[in-house]
Amino acid sequence: MKINLLFENFLSFKKTWIIALLYFSCASVSYAQSVSGKVIADGQPLPGASVLIKGTTQGTTSDIEGKFTIAANPNTTLVFSFVGYTSKEVVVGNQSLINVELLSDNLLDDVVVIGYGTQKKSDLTGSVSSISAKEISQVPNSRVDQALQGRAAGVQVTQTSGAPGAGTSIRVRGGNSITGSNEPLWVIDGIVVGSDFNLNNINSNDIKSIEVLKDASSIAIYGSRGANGVVLVTTKSGNSTVGGKPQVSVGLYSGMQLIPKTPAQLTQAQQIAFTNEDAKFRSAAQPFPNDPSTYPNNDWFNLLMDTSPIFNADVSVSGSSENGKISYYNSLNHFNQDGLIKNSGISKFIYRSNLDIKLTNKLKAGFRVNYSRLHQDNGTVGYSQLLATLPTTPIYNADGTFNGFDEVIGAPFSNPVANAKLNTNETYTNNFLGTVYLQFNPSKNWMIRSTFNPEFNNTKNNQFDSSQRPDYLLVGDLGIASVNTVATTGWNNENTVQYSSDFGTGHNVTVLGGASFQKVVTELTGAQAFGITSDVAGFNNLAFSDPRRAVVTSGYSGFQIASFFGRLNYTFKNKYLFTLVGRTDGSSVFAKGNQFGFYPSVAGAWKIIEEPFMQDQNVFSDLKLRASFGRSGNQAIEPYRTKAILVEANTTVNGVEVPGLTLGRPASPNLGWETTTSFDLALEGALLGGRLFTELNFYYKKTKDLLLDVTIPRQTGFTSQLQNIGSLQNKGLELLVNSKNVAKANFKWNTTLTLSGNRNKVLDLGGAPFIDVVVDPILGSGNTRIIVGETVPVFTGVRYLGTWKTQEEINASGMSSQVVGGPRYEDLNGDKIISTEDNVVLGSPQPDFIYGLENSFSYKNFDLSFYLQGTVGNEVYNLRTRTSMFQRGETTKYAEVADRWTPENPTSDIPRAGSDAVTNVVSNSAYVEDGSFLRLKTARIAYNLPTSKIGGNKIKAMTAYFTGTNLLLFSKFRLIDPETSRFGRSGLGNIAQGFSNGEYPNAKVLTLGLNVTF
């Protein structure tokens, strides 16, 4: 049982922790000594600074000259703090003189990473959101993208599934494309890895910071790939440890995943009554003529879901040589997560090595290496199957073999218990991501840098459906196996030259120029075998099959990009800032004549706080106004999309079928880049001596030349062609507030609020009023549309009016085929036929606004934080409602269906059982539900152990913590959790957001962890 495994992991973790504490407690007795020193900030003495012995109330304050004296043991740690500055801790040791400089914790003084460089936030002219390593470490995240959720204003992060290793869908200031991807570009340590990089390959604990570039000024340096925003990930590097001593950090945590609340459904007896009632209405034999107690009552959730463990171990060694010329960071990570549903889970091993070497005073070299090995169990049973399967369906036959026949529908069915035991679906991934760089500084003003970044990724998926599957045995079929591999090889070369100089009075200029080249090749191979008679070899020997039915596939794809870019930053008197950026990209995915695009931007900022008229006020400590305008691009198509393609088209010659080929689509040589023009206006300010920081952004984006399929004359031999037509816009507001509510020596309380609202609208679809998006072959077209003047997309359908209460109502409507108690829809055009002509807009997956709120408290050695996030105003299209409310009794029904229309309950607005036999179930308003939610995403309590009493000078820091994730969810959604995406993040999921069919649930997680730094 998984619970036993979890218990064993916990006992092992507990034992390790106790032994560690006992070992570290062997500290020698020390005696107090007099320690004196000076506290400075901004180059000046800092009077009134608190000097406190950590973990106690004993302390002093610095005098008018910043000087202090205190009695302290060698093993104690002194904590230096002052409002508006970052606290600093120093181990006394054998020091009698300690001088400390405190750095400002004003957010405008933070240094953030931008494209091809860094910059103080106060000097930014663009919109950049930054997430620090401390924020990332507050929550045990298995993926780096999960750390962004709710923490960056204007960035909507949606967890597409709760399955182990599942990713997120990210929208930076809304979606810009209909055909192309809307995911942001990811750049890791300067390596452009694209928008579909598997973030399971990166260890969250290795990350130093994450920056999200959002406006034209910040993303223009990435040109044609930056329209959807850019996420920059910077990993940790070596530190300059005194004496060259390495710093060793160990992090361990073990967690338990709890099964979340499941949707309310009919009981077994109620389901039997519904199914019998449905059959009776159809004049069919009742499937359950006997008492309900004589039939199975299977709880599929209980049978196939269980509480499951998570375990993570991190070890890192960082430091520098004694002369400071070599710095390094090395880490090893192991992560293992069993899924809530049997046969699902992920195991990861990740190794990272970062090295920087000062070869001379002017020459520096280094590398970044990240290798990961992933094993993912994809699961052989879906959560939606557990939702749909009747509790009365037997698991086993009378002879003990697995049952594969559904008596209700009179056909074979996929037995979930059998599938979990017999079948296999797993994926192995090996990824190597590297950077080698050489940096030359011929003088203090010049920097020349060149990097080469290789990436190798190999993925192998193995699937096996057992020959003993009961539904296969019933139809005389045998086992099926497949093996598919994807091998991707790529490299990226970046070359930059930067010049910085101060000249004249108050003039500062930084000029950057560069060239970038990238090539990526992907090869696919696959084989599928049928008629496997034995399970002995599974997918390991596809030759044990029927050779006449074998399927072999292969594929090749590749692209190249060449880019040239430049940036000018100019500052006058540290008050007026100007940025000019330009980039030219050339891509092989387009035909000659359309391969190159130019993407410029201009931005400016005014540091109002530096003006003379602001010097006598005491409200603002910082105030800045900035604006930007520019263009960025999106190639939005796959390689070879401009070319005509050949597809298989067998034909018959002399009565014998022979293979053949035919044109599958027309060439589109005139395709070009989708282009987004954006404007950004923002006000940043710090008030109350830096205790309150706020940032308000307004933005407007318009994307033109959208790539859409356009109807063309049938005489061409085709029905449609991809062309650049249409446009859409996004506009919105973003608010960030950071507040230091209390800043005492022993107690601190900080609050962070992010709030943003985006308004998306289609402006033009090449003259067409709308485009239908088919998300479900049974529902057909008409449930999802892209409509001029509306958001992308909108849910459409007819309005559900309840049920027909009397025959007179039906007669008056003119729709004589309807039935009393059946579903009633609005006949909008009055033609007495319910069709897509009666459709209206029912809702949109786009929220009115998204938000995140974090409160963190620190009292002496204790830390407490909780984080809330959610959405307001979005809708979810519940595909499950079709079968769980309207259709036959062959699948489970919502609990509310117990109150359905019957002759004894004639006022109910829930359709009677069996009514779909005479009434077609169309897309309607009952499918669309409120998707707003509020989630207590995390709550964390931590205790920072007094290391001076445990390990003397050997231990620098030790923290034990307990974290709860997904603890509370407030939502009206029938399927409990509205944060989902039925179609994932790519392909159809790029547009069809907000659909749910009962996806893998997000677990509640309780985690116990320990971090130690030596």
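Procedures and definitions
Each chain carries its own residue numbering, running from 1 in the written order of its sequence. Thresholds applied to this predicted model are a pLDDT of at least 70 for local features of residues and 80 or more for the giving and counting of side-chain atom pairs; totals over whole chains, interfaces and linings are not thresholded and use all residues. To get the side-chain values, take all heavy atoms of the structure and skip hydrogens and water. Secondary structure elements are taken from DSSP: a helix is a run of H or I of four residues or more, a strand is a run of E of two residues or more, and numbering for both begins at the N terminus. The atom set for the radius of gyration is the C-alpha atoms, and the globule formula is 2.2 Å times the number of residues raised to the power 0.38. Each residue gets one of three labels from its accessible area relative to the maximum for its type: buried under 20%, exposed over 50%, partly exposed in between, using a 1.4 Å probe on protein chains only. We call two residues contacting when some pair of their heavy atoms lies within 4.5 Å. Under the convention used here, Asp and Glu are negative, Lys and Arg are positive, and both His and the chain ends fall outside the count. Charge positions come from single atoms, namely NZ of Lys, CZ of Arg, CG of Asp or CD of Glu. Two rings belonging to Phe, Tyr or Trp (six-membered ring only in the last case) form a pair when the distance between their centres is within 6.5 Å. Interplanar angles under 30 degrees mark stacking, angles over 60 mark edge-to-face geometry, and anything in between is tilted. Whether a charge lies above a ring is judged from NZ of Lys or CZ of Arg, which has to be within 6 Å of the ring centre and within 35 degrees of the ring normal. Expected span of a helix: the number of residues minus one, times 1.5 Å. By definition, two strands form a pair when at least two bridges between them are found by DSSP. Geometry is summarised by axes, namely lines fitted to C-alpha atoms with helices restricted to the contacting stretch, and by angles between N-to-C directions that run from 0 to 180 degrees. UniProt positions are given in the numbering used here, feature names are shortened, and annotations may be inferred rather than shown by experiment. Polar contact is the term for a pair of N or O atoms within 3.5 Å; when the atoms are in protein, one must be able to donate a hydrogen and the other to accept it, and sequence-neighboring residues count only if both atoms are side-chain atoms. Here a salt bridge means any side-chain nitrogen of Lys or Arg lying within 4 Å of a carboxyl oxygen belonging to Asp or Glu. Buried Ala, Val, Leu, Ile, Met, Phe, Trp, Tyr and Cys residues that are joined via side-chain atoms within 4.5 Å together make up what is termed a nonpolar core.

J.: Explain the overall build of the chain to me, and be specific about the residues and the numbers.
T.: Scanning the chain from terminus to terminus reveals eleven helices and 56 strands. Against the 2.2 N^0.38 benchmark of 31 Å for 1014 residues, the chain shows a C-alpha radius of gyration of 32 Å, consistent with a compact globule. Seen through its C-alpha atoms, the chain measures out along the principal axes to roughly 95 × 70 × 65 Å. The proportion of buried residues among the 1014 residues of the chain is 53%. Within the chain, contacts between residues separated by at least 24 positions form 68% of all contacts whose residues are at least 6 apart in sequence. Positive and negative charge centroids in the chain, built from 85 and 82 side chains respectively, lie 8 Å apart.

J.: Which residues make up the packing of aromatic side chains, and what values go with them?
T.: Enumeration according to the criterion identifies 25 aromatic pairs in this entry. Where Phe590 meets Trp673, the ring centres are 4.7 Å apart and the plane angle is 55 degrees; that geometry is what we call tilted. Remark: Trp673 occurs in the loop between strand E36 (661-665) and strand E37 (674-687) and Phe590 occurs in the loop between strand E30 (576-587) and strand E31 (596-607); sequence separation between them is 83 residues. Residues Phe590 and Trp673 agree in their burial class; the two are buried. Relative to Tyr877, the ring of Phe795 lies with its centre 5.5 Å away and its plane at 55 degrees, an arrangement referred to as tilted. In this pair, Phe795 is assigned in strand E45 (residues 794-797) and Tyr877 in strand E51 (residues 875-878), connecting sequence segments 82 residues apart. The same class applies to Phe795 as to Tyr877, namely buried. Aromatic rings pair up to connect Phe795, Tyr800, Tyr825, Tyr877, Phe886, Tyr927, Phe983 and Phe995 into one cluster. One Lys or Arg, Arg449, reaches over the ring of Tyr437 and ends 4.2 Å from the middle of that ring.

J.: Which residues make up helix H4 (residues 268-281), and what values go with them?
T.: Under the 1.5 Å per step criterion, the end-to-end length of H4 is 20 Å for 14 residues, consistent within 8% with the ideal 20 Å. Listing the buried residues of H4 in full gives Gln268, Gln271, Ile272, Phe274, Thr275, Asn276, Asp278 and Ala279. Positive backbone phi, approximately 65 degrees, marks Ser283, located one or two places after H4.

J.: An account of the sheet that holds strand E11 (residues 128-132) is needed here, citing residue identities and associated values.
T.: One open sheet accounts for five strands, arranged E11-E16-E17-E14-E15; its pairing is mixed. Edge strands, defined here as strands with exactly one partner in the open sheet, are E11 and strand E15 (191-194). For this sheet the average axis-to-axis angle between neighbouring strands, irrespective of direction, equals 20 degrees. Here strand E14 (residues 185-188) runs beside E15; their pairing, made up of three bridges, is antiparallel. Looking at E15, one finds that Trp186 is bridged to Gly194.

J.: Could you give an account of the sheet that holds E51, naming the residues involved and the relevant values?
T.: Judged by pairing direction, the sheet is mixed, and its three strands sit side by side in the order E52-E51-E55 without closing on themselves. Strand pairing shows two members of the sheet lacking a second neighbour, strand E52 (928-930) and strand E55 (995-996), which therefore form its edges.

J.: How would you sum up the UniProt feature "domain: TonB-dependent receptor plug" (unreviewed entry) in the chain? Please name residues and give values.
T.: Feature annotation in UniProt places "domain: TonB-dependent receptor plug" (unreviewed entry) on residues 121-230, given in this structure's numbering. Helix makes up 8% of residues 121-230 and strand 28%, with an end-to-end C-alpha separation of 17 Å.

J.: Lay out the side chain of Ser129 in plain terms, naming residues and giving numbers.
T.: By secondary structure assignment, the location of Ser129 is in strand E11. In this structure Ser129 comes out as buried when scored by relative accessible area, which is 11%. In this structure the side chain of Ser129 is engaged in a polar contact, spanning 2.9 Å, whose partner is the side chain of Lys214. When near neighbours in sequence (up to four residues on either side) are disregarded, Ser129 contacts Ala152, Ala153, Ile210, Glu211, Val212 and Lys214.

J.: Before we move on, could you go through unusual backbone geometry and cite the residues and values that matter?
T.: With an omega of -10 degrees, the peptide bond running from Val792 to Pro793 counts as cis. Counting through the fold element by element, Pro793 comes out in the loop between strand E44 (784-787) and E45. Within the chain, Ser283 stands out as a residue other than glycine whose phi angle is a positive 65 degrees. Mapping Ser283 onto the fold places it in the loop between H4 and helix H5 (300-304). Positive phi is not limited to glycine here, since Ile976 has a value of about 80 degrees. The topology assignment puts Ile976 in the loop between strand E54 (957-971) and E55.

J.: Mind laying out the environment of Ser467, listing which residues take part and the relevant values?
T.: For Ser467, the position within the fold is in the loop between strand E26 (446-465) and helix H8 (470-474). A relative accessible area of 2% places Ser467 in the buried class. In this structure, the C-alpha to C-alpha distance between Ser467 and Gly479, residues twelve residues apart in sequence, is 3.7 Å. Setting aside residues no more than four positions away along its own chain, Ser467 makes contact with Leu473, Leu478, Gly479, Ile532, Thr533, Ser534 and Asp535. A distance of 3.3 Å separates polar atoms of two side chains, one belonging to Ser467 and the other to Gln468. Side chain to side chain, Ser467 and Asp535 meet in a polar contact 2.7 Å long.

J.: I'd like a description of the pattern of salt bridges, backed by residues and values.
T.: Under the criterion given, the structure shown has 34 salt bridges. Notably, a salt bridge pairs Arg548 with Asp546, separated by 3.1 Å at the nearest N-O pair. A relative accessible area of 75% means that Arg548 is categorised as exposed. Close ionic contact of Arg974 with Glu929 constitutes a salt bridge, the shortest N to O distance being 3.1 Å.

J.: Let's hear about the pairing of strand E18 (residues 247-258): which residues, and what values?
T.: Sheet analysis places E18 next to strand E19 (residues 308-320), joined by eleven bridges and oriented antiparallel. Opposite Gly255, over in E19, you have Ile310 as the bridge partner. When E18 meets strand E56 (residues 1004-1013), the two strands line up antiparallel, connected through ten bridges. Across the sheet, Gly255 pairs through a bridge with Thr1007, a residue of E56.

J.: Describe the nonpolar core, with residues and values.
T.: Counting residues in each nonpolar core, the largest one holds 62 residues, and the members touching the most others are Ile178, Leu386, Ile786, Phe886 and Phe995. Residue assignment for this core shows that the elements contributing at least two residues are H5, helix H6 (383-388), helix H7 (416-422), strand E48 (840-843), E51 and helix H10 (881-886). Not counting the four nearest positions on each side in its chain, Leu386 is found in contact with Trp300, Phe301, Leu304, Met305, Val381 and Pro416. If you look at the next biggest cluster of nonpolar residues, it comprises 23 residues, including Val155, Val157, Ile188 and Phe197.

J.: Give me the environment of Pro547: which residues, what numbers.
T.: Topologically, Pro547 is positioned in the loop between strand E28 (507-532) and strand E29 (551-572). Overall, the relative accessible area of 68% leaves Pro547 in the exposed class.

J.: Can you explain the environment of Ile207? Please cite residues and give values.
T.: Considering the arrangement of structural elements, one finds Ile207 in strand E16 (residues 207-213). Taking the relative accessible area as the measure of exposure, Ile207 reaches 1% and is therefore buried. Sequence separation between Ile207 and Val144 is 63 residues, and the spatial gap between their C-alpha atoms is 8.4 Å. Ignoring any residue separated from it by four or fewer positions in sequence, one finds Ile207 in contact with Ala133, Ile136, Val144, Ile202, Val233, Thr234, Thr235 and Lys236.

J.: Just give me the short version of the side chain of Asp977, but keep the residues and values in it.
T.: Within the secondary structure layout, Asp977 lies in the loop between E54 and E55. Given a relative accessible area of 13%, Asp977 falls into the buried group. Polar side-chain contacts of Asp977 include one of 3.0 Å to the backbone nitrogen of Glu979. For Asp977, the residues in contact, after removing those within four places along its chain, are Arg935, Leu969 and Asn1002.

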